[in-house]
Amino acid sequence: MHRTATRFGLIVTVALLAAAKVAAQQAPSAASPHLQPNAGGEAAAVKRVVDGIMEPYLAQEQRTLPRGPTWRRSPDLGAIVAGFTARHRYFFPYGKATDAGAPFTPDTLVEIGSCTKTFTTTLFALAVNRSEIVQDAPAQKYMPRGYTLRAQQLTPLELADFTSGMPDDPTDLPRLLERRSIDYYTVKDFLTWASSYEPTTQLPAPYKYSNAGIGLLSYLVATATGKTWEDQVNSEILQPLGMADTTLRPTPEQQKRLAQGHNRAGQHAPRWPVFAWYAAGGLRSTAQDMLSFGEAGLGHKEVNDKPVSAELIAAMQLAQKPIFTMPNGNKQAMAWVNNMGGGNPNLHPVIMKNGGTAGFGTGIATNPTKDAAIFIGMNQPGAQPIAKGVEILRRLP
């Protein structure tokens, strides 16, 4: 199905443009990369690219954001850059993971925010390929029992590619972040609100990013498959790929490895609650695990010494497949965006997704032409590290 968006509000794209204009001061690196012993000369080349981009970027004391207040660097800002290229993994830690000075490691957990959406659209693509759900059928067909959509024309695909017209978050949320957790704003509250949603334009609507839309999609997939989102994400993605540290609810041991997040003003941020629409942004993960996800997305038949099924690879690639072209020339897929390099024929497409919570900024991206993947996790949002991830992928040898 081909559709062209008539308006565009993607935060990632704004951040890419803003980040490109920032004049940053070079600073010495506190990073010591964790390199594979057999990486050879490639390791030094990768380190030069990553340090050359990340060091000045992380040294900035403040920047003006496209929206909202000025971003101010936390004194405890830290990041982990994980890269995969030529069958080797590299990990480059910067700054601090906690205020006590603990360093970032490949096994430090961060809140990956909206990168979670790519797991949800992978599950959706699996269900599509298995003929468990029809992407252009009325979404009502897959609504949980007892709920009737006012938007009878709405389809699952419109939720997956952000053309449902649905707002970013439910409009009846409590004001305080802590009161928005699933313990207070329940699944029933969310599905009741979603059922009452009525588009203001004909569907498919112009592009509009929506956490709520992906959250609703997860409940449709659960109904179609007869399995909860948590059960599916574990059995279909995390276990097959050996991603033991990717979770909605960290264990006590994993909580000890959680980085401390900071808000845009550089102060401590609260832990991100588990919302009723958690499938849009609830996962915690590590650089090690996210590289595994990236490698599978590149089509690798083996990850972490475990075979990857052709079925999972096909689903991930369906989720990444462009559906319509946006005004800036990038192509929207199922939550993923194909960054086309501004139409420059010398730049390979990069498939990317950003994420952000109250205390973290993250991004995952792959360059299929180079068979390369990258994940960046930072313990402060507003920095939009996906812009740097795309830049690194394009500069890698």
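The text that follows walks through the structure, step by step, so that each part is easy to find. (Residues numbered from 1 in each chain as written. Predicted model: local features only at pLDDT ≥ 70, side-chain atom pairs only at ≥ 80, totals over all residues. Heavy atoms only, no water.)

1. Observations regarding the overall build of the protein
Next, step 1: Scanning the protein from N- to C-terminus turns up 11 helices and 16 strands.
Next, step 2: Taking all 397 residues of the protein together, the buried fraction comes to 58%.
Next, step 3: A separation threshold of at least 6 residues defines the contact pool for the protein, and within that pool the share at least 24 residues apart is 69%.
Next, step 4: Just so you have it, the protein exposes about 16,000 Å², and 51% of that area is on carbon and sulfur atoms. (Helix = DSSP H or I, 4+ residues; strand = E, 2+ residues; numbered from the N terminus. Buried < 20%, exposed > 50% of the residue type's maximum accessible area, 1.4 Å probe, protein only. Contact = heavy atoms within 4.5 Å. Areas by Shrake-Rupley, 256 points an atom, 1.4 Å probe, with all protein chains shown as cover.)

2. Describing the pattern of salt bridges
Next, step 1: All chains considered together, the criterion is met by 12 salt bridges.
Next, step 2: The salt bridge involving Asp-51 is made with Lys-47; its shortest N-O contact spans 2.6 Å. With Asp-51 and Lys-47 both in helix α2 (residues 41-59) and 4 residues apart, the pair spans about one turn of that helix.
Next, step 3: Residue class for Asp-51 comes out buried when judged on its relative accessible area of 10%.
Next, step 4: Classification of Lys-47 as partly exposed rests on a relative accessible area of 24%. (Salt bridge = Lys/Arg side-chain N within 4 Å of Asp/Glu carboxyl O.)

3. Examining helix α9 (residues 287-297)
Next, step 1: For α9, a buried count of 10 out of 11 residues is recorded, marking the element as mostly surrounded by other parts of the structure.
Next, step 2: Burial in α9 covers these residues: Ala-287, Asp-289, Met-290, Leu-291, Ser-292, Phe-293, Gly-294, Glu-295, Ala-296 and Gly-297.
Next, step 3: Where α9 terminates, the next one or two residues include Gly-299, which has phi positive at roughly 95°.

4. Observations concerning the packing of α2 against helix α11 (residues 386-395)
A pair of packed helices can be characterised by two numbers: the angle between their axes and the separation between those axes.
Next, step 1: As a packed pair, α2 and α11 sit with axes 9 Å apart at the nearest point and diverge in direction by 155°. Comparing their axes, α11 and α2 come out roughly antiparallel. Between α2 and α11 lies a crossing of right-handed hand. Of the residues in α11, those in contact with Val-49, Val-50, Ile-53, Met-54 and Tyr-57 of α2 are Lys-388, Glu-391, Ile-392 and Arg-395. (Axes fitted to C-alpha atoms, helices over the stretch in contact; angles between N-to-C directions. Parallel < 35°, antiparallel > 145°, perpendicular 65-115°, else oblique. Left-handed = near helix turned anticlockwise from the far one by under 90°.)

5. Some words on the pairing of strand β6 (residues 88-95)
Next, step 1: In terms of burial, β6 is a largely internal element, 7 of the 8 residues being buried.
Next, step 2: Here 8 bridges tie strand β5 (residues 78-85) to β6, and the two strands are oriented antiparallel to one another. When the sheet's bridge partners are listed, Thr-85 is paired in β6 with His-88.
Next, step 3: In this structure, the hairpin formed by β5 and β6 is closed by a connection of 2 residues, where Ala-86 is found at a positive phi of approximately 50°. (Pairing = 2+ DSSP bridges.)

6. Considering the environment of Ile-237
Next, step 1: Within the secondary structure layout, Ile-237 lies in helix α7 (residues 229-241).
Next, step 2: Overall, the relative accessible area of 0% leaves Ile-237 in the buried class.
Next, step 3: Note: C-alpha distance between Ile-237 and Val-308 (71 residues apart in sequence) is 9.5 Å.
Next, step 4: Ignoring any residue separated from it by four or fewer positions in sequence, one finds Ile-237 in contact with Phe-119, Thr-122, Leu-123, Gln-232, Met-243, Phe-293 and Leu-312.

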